[in-house]
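Breakdown of the fold
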Amino acid sequence: MITAVYPGSFDPVTLGHYDIIKRASKLFDKLVIGVLVNSSKKSPLFSMDERVIMLRDTVSSLGNVTVESFDGLLLDFVKKQDSHIIVRGLRAMGDFDIELQMAQSNRVVAPDIDTVFLSTAAEYSYLSSSMVKEYAMYGASVEEFVPANVLPMVKEKIHLMKVN
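What comes next is a walk through the structure. (Residues numbered from 1 in each chain as written. Predicted model: local features only at pLDDT ≥ 70, side-chain atom pairs only at ≥ 80, totals over all residues. Heavy atoms only, no water.)

**Quick word on the side chain of Ser83**
Just so we agree on the cut-off: Where helices and strands are cited, they refer to DSSP runs of H or I of at least four residues and of E of at least two residues respectively, numbered from the N terminus. Relative accessibility under 20% of the residue-type maximum defines a buried residue, over 50% an exposed one, and the middle range a partly exposed one, all with a 1.4 Å probe and only protein chains included. In the analysis that follows, any N or O atom pair within 3.5 Å is treated as a polar contact, provided that within protein one partner can donate a hydrogen and the other can accept it, and provided that, for residues neighboring in sequence, both atoms belong to side chains.
Relative to the helices and strands, Ser83 is located in the loop between α3 (74-80) and β4 (85-90). Ser83 sits in the buried class, given a relative accessible area of 8%. Only 3.1 Å separates the side chain of Ser83 from the backbone nitrogen of Ile85, close enough to count as a polar contact.

Written out as structure tokens, the structure reads:
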């Protein structure tokens, strides 16, 4: 059985993420979505638990996909999942440059772990969680950017932020 890990902060999960998840779930026997604490990003909109719940609900129809949170080195998490494959989505050449550097450094540290790149579907090539948060903060609709189950969560979180 081949298990792959798709890591990310997913704050929030977008239709671009979901596209990669659905496609990767068809390529591997099991896909583990690793929700990480990204120390390089400012404070997240959603807590770790909220992001895990959001993703579990989003992928509930995909029988071979699980969602786990982790903190620490991605390579350790991949090994803990009994995997040797990391899945990464690419939107543009800028993503490729960054992702290639990470994949190459990962191979130095863990030569038995490979990275598989999936290009994002063209209709989501512009989409990012940061963009979703920015639009939502200014009251623009984000229904074309996130799965239907995520939309009310985004609206509620933004509303709470504005009230406090």
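**With respect to the sheet that holds strand β1 (residues 3-8)**
Going by this rule: Note on pairing: DSSP must find at least two bridges between two strands before they are called paired. Axis geometry follows a simple rule: fit a line to the C-alpha atoms, using only the stretch in contact for helices, then measure angles between N-to-C directions, giving values from 0 to 180 degrees. It only takes one pair of heavy atoms within 4.5 Å for two residues to be counted as in contact.
Reading across from one edge, β3-β2-β1-β4-β5 is the order of the five strands in this open sheet, with parallel pairing throughout. Of all the strands in the sheet, just β3 (65-70) and β5 (114-119) have a single pairing partner and so form its edges. Averaged over neighbouring strand pairs, the angle between their axes works out to 30° when direction is ignored. Of the pairings in the sheet, the one linking β1 to strand β2 (residues 30-36) comprises six bridges and is parallel in character. Looking across to β2, one finds that Gly8 is bridged to Val35. Set on the sheet, helix α1 (residues 15-27) makes contact with β1, β2, β3, β4 and β5; between it and β5 the angle comes to about 125°.

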